[in-house]
Amino acid sequence: MQVYLPTELYAAVKEYNMPASKLLQDAVRADLRRRELIEGARRYLSELIDEVGEPSAEEFAAAEALSRVIRRDGVDR
């Protein structure tokens, strides 16, 4: 397997003597885990929708508003 790095990333890896193989392994593992979590969340959401139905427009709007509050509060901490 060959991996392409843009010039600036290649230079940084060399400058800091970073273990490129380990970095790639860690990045692939992290991305696989992220994909597994996303797929799990999608399955869970599908099960919930099957169980209780789609949210109404009002419920969706309330959830969006709560999400905005949580994101805003998270940034201020």
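Residues numbered from 1 in each chain as written. Predicted model: local features only at pLDDT ≥ 70, side-chain atom pairs only at ≥ 80, totals over all residues. Heavy atoms only, no water.

Enquirer: How should the overall build of the chain be read in this particular structure?
Expert: Broken down by element type, the chain carries three helices and zero strands. Scanning the chain from its N terminus toward the C terminus, one meets helices and strands in the order α-α-α. Against the compact-globule benchmark of 11 Å for 77 residues, the chain has a radius of gyration of 20 Å, which places it well outside the compact range. Counting only C-alpha atoms, the chain reaches 55 × 35 × 20 Å along its principal axes. Per-residue burial over the chain gives 1% buried out of 77 residues. Accessible surface, the chain as shown: approximately 7300 Å² in total, 58% of it carbon and sulfur. If the 12 positive side-chain charges of the chain are averaged to one point and the 15 negative ones to another, these points end up 8 Å apart. (Helix = DSSP H or I, 4+ residues; strand = E, 2+ residues; numbered from the N terminus. Rg over C-alpha atoms; globule rule 2.2 N^0.38 Å. Buried < 20%, exposed > 50% of the residue type's maximum accessible area, 1.4 Å probe, protein only. Areas by Shrake-Rupley, 256 points an atom, 1.4 Å probe, with all protein chains shown as cover. Lys, Arg positive; Asp, Glu negative; His and termini not counted. Charge placed at Lys NZ, Arg CZ, Asp CG, Glu CD.)

Enquirer: Quick question: what am I supposed to make of a nonpolar patch on the surface here?
Expert: Taken together, the side chains of Met 1, Val 3, Leu 5, Leu 9, Tyr 10, Leu 24, Val 28 and Leu 32 make up a nonpolar region of the molecular surface, amounting to roughly 810 Å² of accessible area. Mapped onto the nonpolar patch, the elements with two or more residues apiece are helix H1 (7-15) and helix H2 (20-52). The leading source of residues in the nonpolar patch is H2, at three residues. (Patch = residues over 30% accessible without salt bridge, like charges linked within 9 Å, V, L, I, M, F, W, Y side chains within 5 Å. Salt bridge = Lys/Arg side-chain N within 4 Å of Asp/Glu carboxyl O.)

Enquirer: Honestly, the layout of surface pockets in this entry has me stumped. Any pointers?
Expert: Unfilled space is identified by rolling a water-sized probe across the atoms. Taken as a whole, the largest pocket holds about 250 Å³ of empty space. What lines the largest pocket is simply Val 3, Leu 5, Leu 9, Tyr 10, Ala 12, Val 13, Lys 14, Met 18, Ala 20, Leu 23, Leu 24 and Ala 27. Among the elements that line the lining of the largest pocket, the one with the most residues is H1, at five residues. Looking at the lining of the largest pocket residue by residue, the class counts come to eleven nonpolar, no polar and one charged. (1 Å grid on protein atoms, 1.4 Å probe; cavity = no way out; pocket = protein on both sides within 12 Å on 5 of 7 lines; lining within 4 Å. Points joined across faces, edges and corners; volume = space filled by probe spheres on them. Nonpolar A, V, L, I, M, F, W, Y, C, P; charged D, E, K, R; others polar.)

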